[in-house]
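Letter by letter, the chains look like this.
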Amino acid sequence: MITIIEGGGPVVSAIDADEQRALKEVAAKLAAERYAPQAEEWDRERIAFPHEERRYLGELGLLGIALPERHGGGGAPLQHALTVIEELAKECRPAAFQVFESNTGPAQVVARFGSEEQHERFLPPIISGDATLAVAISEPDAGSAATDMKTKAVAEGDKVVVNGSKRWISNGGEADHYLVYARMNDEPGSKAIGAVIVEADRPGVSFGERERLMGFRGIPSADIRFDDVEVPAENVVLGPGRFRELFGAFSIERLGNATMSLALGQAALDRTKRYVQERDQFGKPLVEFQNVQMTLADMLLQVEAARLLIQRAAAGVGENLPNSLDVSLAKCTANEMAKRVTDLAMQLHGGNGYTEEFGLERLHRDSHGWALAGGTPAMQRIRIVSEMLGRSFDQRR
Ligand SMILES: Cc1cc2nc3c(=O)[nH]c(=O)nc-3n(C[C@H](O)[C@H](O)[C@H](O)COP(=O)(O)OP(=O)(O)OC[C@H]3O[C@@H](n4cnc5c(N)ncnc54)[C@H](O)[C@@H]3O)c2cc1C
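What counts, and at which threshold
- Residues numbered from 1 in each chain as written.
- Predicted model: local features only at pLDDT ≥ 70, side-chain atom pairs only at ≥ 80, totals over all residues.
- Heavy atoms only, no water.
- Salt bridge = Lys/Arg side-chain N within 4 Å of Asp/Glu carboxyl O.
- Helix = DSSP H or I, 4+ residues; strand = E, 2+ residues; numbered from the N terminus.
- Buried < 20%, exposed > 50% of the residue type's maximum accessible area, 1.4 Å probe, protein only.
- Domains from an automatic or database assignment.
- Contact = heavy atoms within 4.5 Å.
- Buried area = accessible area lost by both parts, 1.4 Å probe.
- Polar contact = N/O pair within 3.5 Å; in protein donor to acceptor, adjacent residues only side chain to side chain.
- Nonpolar A, V, L, I, M, F, W, Y, C, P; charged D, E, K, R; others polar.
- UniProt positions renumbered as here; feature names shortened; annotations may be inferred.
- Pairing = 2+ DSSP bridges.
- Near = heavy atom within 4 Å.
- Axes fitted to C-alpha atoms, helices over the stretch in contact; angles between N-to-C directions.
- Parallel < 35°, antiparallel > 145°, perpendicular 65-115°, else oblique.
- Left-handed = near helix turned anticlockwise from the far one by under 90°.

**A short note on the pattern of salt bridges**
Summed over all chains, the structure comprises 30 salt bridges. Of the charged contacts, one joins Arg365 and Glu361 as a salt bridge, the two residues approaching to 2.8 Å between their closest N and O atoms. With a gap of four residues between them, Arg365 and Glu361 both fall in helix α11 (residues 360-372), about one helical turn apart. Neither residue differs from the other here; Arg365 and Glu361 are each classed as buried. In the salt-bridge network here, residues are joined through shared partners; they are Lys24, Glu86, Glu87, Lys90, Glu304 and Arg307.

Structure representation (structure tokens):
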């Protein structure tokens, strides 16, 4: 059966609902049986998702769902990958992160804009789980103001020499390759920015200490330094002057990010639904109190609003990049929903919500991380107004 989802953007994509449902079931089972039992320990001990588990996800075909078939991927619509990300993330964000990074992250930039030679070199190992590609944009003095980045990637003969440092890189120190956003000429602002792949084992690449983040604990994060790192010119994926395409492709990652937040909100709601019907106070289940009912309704309202906005934004993705307004609406709503809904879930669990045992504080801690990664809700709001009014607002003047 083919279901047509009408998108807010110009493109309407057809997705196979039966196939998507089957994938959802497989992912939910995998999450519950294989990853849920380990998720708490990986978080508590800050254990990085094991390589053999990543390869297992590759064997199942989950790392290449939305990547091209000719390189071993599934060639399926993005929505299928988002479904798997959501199901895994409800139980274990480090597992979901692998599917997120490969299907919605920098591999999409390579798949869409890279050369055939880059496709052949980088995509098959990402899809099989043998290698990972992380994205390195942020710098110590260029977070929200990403176009203030200073890292340089300068052509010298048949090589490109990379110098600079990157900050907050998820999978930093762990990934095999990095898609590094860098200045490639002397033009000001975004005009000079392009993207080049740097292999982790190149001389001159070094990593900072692993960050001790509030959440994201099974997902390593570290700074990266590049000191006169030489890579072949063939590693340049997009040269300068193509910033719109580069950040257009990053919109796909933002939809993966929004889906992580959706999963956090949905998981918090699911657990709370059960809890308020089981726990008695004043001689009756919590759900009998009107305030609890109002809170549960608010939680569902927010989760469903985020879900629909994500679906609308994802429906426009195919050959085309997502509609930037739709993506920012979805990311901002989902990120803020996850923070609020996980907080309300903790509240309705009383003292139990404040324990590690119930896992709600873990959902809440992770919700803050996803709201920062990929551009904060404030930056999404700026984009939303800019797209709504059809004008840009210079943040520097
Ligand atoms: C868990 C996590 C994972 C991450 N993963 C990656 C990764 O893999 N790769 C990568 O490159 N980066 C990554 N990042 C970095 C992330 O993209 C940045 O943290 C984010 O863009 C914000 O930048 P900043 O931390 O420098 O905050 P700042 O830019 O300093 O912002 C601080 C505050 O000021 C607000 N602000 C800034 N400018 C404005 C403005 N013009 N108007 C209104 N408010 C403003 C922000 O919204 C924020 O609330 C990650 C971050 C986290 C926390």
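**Considering the domain arrangement of the protein**
On domain assignment, one finds that the protein holds domain 1 (17-128), domain 2 (133-238) and domain 3 (243-389). Each of domain 1 and domain 2 was reduced to a C-alpha centroid, and the two centroids are 23 Å apart. Domain 1 puts 23 residues into the contact, and the matching count from domain 2 is 24 residues. Taking both sides of the interface into account, the surface hidden between domain 1 and domain 2 amounts to around 2,000 Å²; carbon and sulfur atoms contribute 57%. Summed over the shared surface of domain 1 and domain 2, the result is one salt bridge. Between Glu199 and Arg121 there is a salt bridge, with its nearest N and O atoms 3.7 Å apart. Run the count over domain 1 and domain 2 and you get eight residue pairs in polar contact (both at pLDDT 80 or more). Of all the elements in the fold, those that place two or more residues in the side of domain 1 that touches domain 2 are α1 (17-44), α2 (51-59), α4 (93-104), α5 (106-113) and α6 (116-128). Per-class residue counts for the side of domain 1 that touches domain 2 are 13 nonpolar, three polar and seven charged.

**Some thoughts on the UniProt feature "domain: Acyl-CoA dehydrogenase/oxidase C-terminal" (unreviewed entry) in the protein**
Those places that UniProt annotates as "domain: Acyl-CoA dehydrogenase/oxidase C-terminal" (unreviewed entry) correspond, in this numbering, to residues 248-388. Across residues 248-388, helical content stands at 79% and strand content at 3%; the span's end C-alpha atoms are separated by 17 Å.

**Remarks on the pairing of strand β4 (residues 152-156)**
Pairing of β4 with strand β5 (residues 159-170) involves five bridges; the strand directions are antiparallel. Each bridged residue has a counterpart across the sheet, and for Lys152 the counterpart in β5 is Asn163. Hairpin geometry of β4 and β5 is characterised by an intervening segment of two residues between the two adjacent antiparallel strands and by a positive phi of about 60 degrees at Gly157.

**Section: the side chain of Gln20**
Counting through the fold element by element, Gln20 comes out in helix α1. Filtering out sequence-adjacent residues up to four positions away, Gln20 remains in contact with Ile15, Gln79, His80 and Thr83.

**Section: the site of the ligand**
Near the ligand, the surroundings consist of 19 residues, among which Ile137, Ser138, Ser144, Ser170 and Thr376 are the closest. In the model, an oxygen atom of the ligand is placed 2.8 Å from a nitrogen or oxygen of the Ile137 main chain. With respect to the ligand, the side chain of Ser170 contributes an N or O atom lying 2.8 Å from a nitrogen atom. Only β3 (133-136), β5, α11 and α12 (377-389) provide two or more residues apiece to the shell around the ligand. Residues from two domains meet in the shell around the ligand; each of domain 2 (133-238) and domain 3 (243-389) gives at least three.

**Focus on the packing of α1 against helix α3 (residues 78-91)**
Where α1 contacts α3, the axes come no closer than 7 Å and their chain directions differ by 25 degrees. Classified by the angle between their axes, α1 and α3 sit roughly parallel to one another. Considering only the axes of α1 and α3, their crossing is right-handed. Residue-level inspection shows Glu19, Gln20, Leu23, Lys24, Ala27, Ala28, Leu30, Ala31, Ala32, Tyr35, Ala36 and Ala39 of α1 in contact with α3, the latter providing Gln79, His80, Thr83, Val84, Glu87, Leu88, Lys90 and Glu91. When grouped by side-chain class, the residues that make up the contact of α1 with α3 number 11 nonpolar, four polar and five charged.

**Some words on unusual backbone geometry**
Located in the positive-phi region is Arg46, a residue other than glycine, with phi close to 55 degrees. Checked against the element boundaries, Arg46 lands in the loop between α1 and α2. Of note, the phi angle at Phe216 is positive, near 55 degrees, even though the residue is not glycine. With respect to the helices and strands, Phe216 occurs in the loop between β8 (205-207) and β9 (221-232). Residue classification places Phe216 among the buried residues on the basis of a relative accessible area of 8%.

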